[in-house]
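# Structure assessment
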Amino acid sequence: MPRSAQPKYPELDKAISTELIPLNIIRTETVFSRLPIHQLSKRERVDINISRKDAKGHVELLWKVSPNVEHGDPRLLAYKIDKLIIDRKIDQLGKPIPKVIRLGSLREICRELEVNEGKAVRDVKNALHQNAGAYIKAKLTYKSINGEHRYFERGFTRYSIVFTGETLEKGEKTDSVYVALHDPYWQVLNDAPHRPLDYDYFKSLKPSAQRWYEIASYKIYAAIEHVHDHAKLLYSEYCTLSAQKRRMTYNDFKRHMYKVHKPHIDSKYIENVSYQRTIDEDGNLDLIMYYVPGERANAQYRKFNEKRKSTYHSISESQSLKLELALRKTQ
């Protein structure tokens, strides 16, 4: 169980140092971003194949990602391009999102990612091909901006890449790299609710810690919203959502998550973390991870909440819980 601690909740008169307050907010859609696409390890590979059946044996949640044979799995660099370049452009453009989006030249993308040019240009180009070539087979339901339930069942790739000097649909030559969003992906991006993340904080993290922030922030935000003293996340659920190899002993688990948690503790996003052992349906060790929100999480919550009504649609608690339960049943 979590250690006893006095939780810190947002108060209007609480003094928080300015470096903890997010000034650069990015809003990300709440459907596909919950589910994994990228391999966040340099060497290990986890099969991304999530399936859940209802009581009658019918598949109600399916998410399977198959890499492009020539370019391979989308990995760390491909993840950073998706999150730091493409998602940011989509957020800046607002809705309705255009189908063709300018990213900039390959060298401009390298500078934005803060990687050295030269060999990195070739790596960025290959990572773009990895993202564009990842084939997704999906079956799920989600709630739209208007509160309507949508059913989605498709096999699709998210977008194609248009490089400098190629010709767009209207005949003009490109002056940089563009992404052309494919219809199924484009429709969900326009239709799904969006939620905020602190872009500058996200950018400061390594990919595994970035993915933890994407996953855990749902729960930490809800814990603050509902005045709970902690948020909790099942280790097996984290591994499923982040496409991380699950460690099956307690010592290996602690080594695995120490590196993920440390930057969030150091930055005061979480005050502390504690663990409770449990077992899954197959009798394997699993861990419930308890997080006490820290000063940064509370500062983000307050800043996000100031603009929630006017600038973004927050994900409903019922939708989040429904997807969470579906994912847990895949363990």
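From a predicted model like this one, the values you see are computed outputs, not experimental measurements. (Residues numbered from 1 in each chain as written. Predicted model: local features only at pLDDT ≥ 70, side-chain atom pairs only at ≥ 80, totals over all residues. Heavy atoms only, no water.)

## With respect to empty space enclosed by the protein
As enumerated under the stated definition, the model contains 3 cavities of 30 Å³ or more in all. In this structure, the largest cavity spans a volume of roughly 190 Å³. Lining the largest cavity are 19 residues, with F32, S33, I37, H38 and K83 sitting closest to its centre. Secondary structure elements with two or more residues in the lining of the largest cavity: strand 1 (25–29), helix 1 (76–93), helix 6 (207–225) and helix 7 (235–242). (1 Å grid on protein atoms, 1.4 Å probe; cavity = no way out; pocket = protein on both sides within 12 Å on 5 of 7 lines; lining within 4 Å. Points joined across faces, edges and corners; volume = space filled by probe spheres on them. Helix = DSSP H or I, 4+ residues; strand = E, 2+ residues; numbered from the N terminus.)

## Side note on the packing of aromatic side chains
In total, this model carries 17 aromatic pairs according to the counting rule given. Centre to centre, the rings of Y201 and Y213 are 5.2 Å apart; their planes meet at 85°, and the pair counts as edge-to-face. With Y201 in helix 5 (residues 199–204) and Y213 in helix 6, this pair connects stretches of sequence that are 12 residues apart. Exposure remark for Y201: the relative accessible area of 5% places this residue in the buried category. A ring pair is formed by Y250 and F253, whose centres lie 5.9 Å apart and whose planes are at 40°; its orientation type is tilted. Residue Y250 and its partner F253 are both found in helix 8 (residues 250–266); the two are separated by 3 residues, about one turn of the helix. (Phe/Tyr/Trp six-rings, centres within 6.5 Å; stacked < 30°, edge-to-face > 60°. Buried < 20%, exposed > 50% of the residue type's maximum accessible area, 1.4 Å probe, protein only.)

## Focus on the pattern of salt bridges
Going through the model one piece at a time under the given rule, you end up with 20 salt bridges. Measuring nitrogen to oxygen at the nearest pair gives 2.8 Å for the salt bridge that ties R45 to D73. With R45 in the loop between strand 1 and strand 2 (49–53) and D73 in the loop between strand 3 (59–66) and helix 1, the pair connects residues that are 28 residues apart, well separated along the chain. Taking the relative accessible area as the measure of exposure, R45 reaches 43% and is therefore partly exposed. Accessibility expressed as a relative area gives 15% for D73, which makes it buried. One salt bridge connects R158 with D82, and the closest N-O pair in it is separated by 2.6 Å. Taken together, the residues R158 in the loop between strand 6 (149–156) and strand 7 (159–162) and D82 in helix 1 connect sequence positions 76 residues apart. For the pair R158 and D82, a shared accessibility class is recorded, and that class is buried. (Salt bridge = Lys/Arg side-chain N within 4 Å of Asp/Glu carboxyl O.)

## Overview of unusual backbone geometry
Cis geometry is found at the peptide bond from K95 to P96, where omega equals 0°. Checked against the element boundaries, P96 lands in the loop between helix 1 and strand 4 (100–104). Of note, E114 is a non-glycine position whose phi angle comes to about 60°, a positive value. Mapped onto the elements, E114 comes out in the loop between helix 2 (106–113) and helix 3 (119–133). Classification of E114 by relative accessible area gives exposed; the value is 63%. Positive phi outside glycine occurs at A243, with the angle close to 55°. By secondary structure assignment, the location of A243 is in the loop between helix 7 and helix 8.

## Focus on the pairing of strand 6
Examined bridge by bridge, strand 5 (residues 135–143) and strand 6 share 8 bridges and lie antiparallel to one another. Note that in strand 6 the partner of K139 across the bridge is E153. Turn length for the strand 5-strand 6 hairpin, with the two strands adjacent in sequence and antiparallel, is 5 residues, and the turn residue G147 shows positive phi of about 85°. (Pairing = 2+ DSSP bridges.)

## With respect to the sheet that holds strand 6
Pairing within the open sheet is antiparallel, and its 4 strands lie in the order 2-3-5-6. The open sheet has two free edges, formed respectively by strand 2 and strand 6, since each of these has just one partner strand. Shown here is a sheet whose adjacent strand axes are inclined to one another by a mean of 15°, direction ignored. Summarising the sheet, strand 3 and strand 5 pair through 5 bridges and their orientation is antiparallel. Residue pairing across strands places L62 opposite K139, the latter belonging to strand 5. (Axes fitted to C-alpha atoms, helices over the stretch in contact; angles between N-to-C directions.)

## Comments concerning a positive patch on the surface
Taken together, the side chains of K42, R43, K206 and K259 make up a positively charged region of the molecular surface. Along the chain, the position of R43 falls in the loop between strand 1 and strand 2. Overall, the relative accessible area of 75% leaves R43 in the exposed class. (Patch = residues over 30% accessible without salt bridge, like charges linked within 9 Å, V, L, I, M, F, W, Y side chains within 5 Å. Areas by Shrake-Rupley, 256 points an atom, 1.4 Å probe, with all protein chains shown as cover. Lys, Arg positive; Asp, Glu negative; His and termini not counted. Charge placed at Lys NZ, Arg CZ, Asp CG, Glu CD.)

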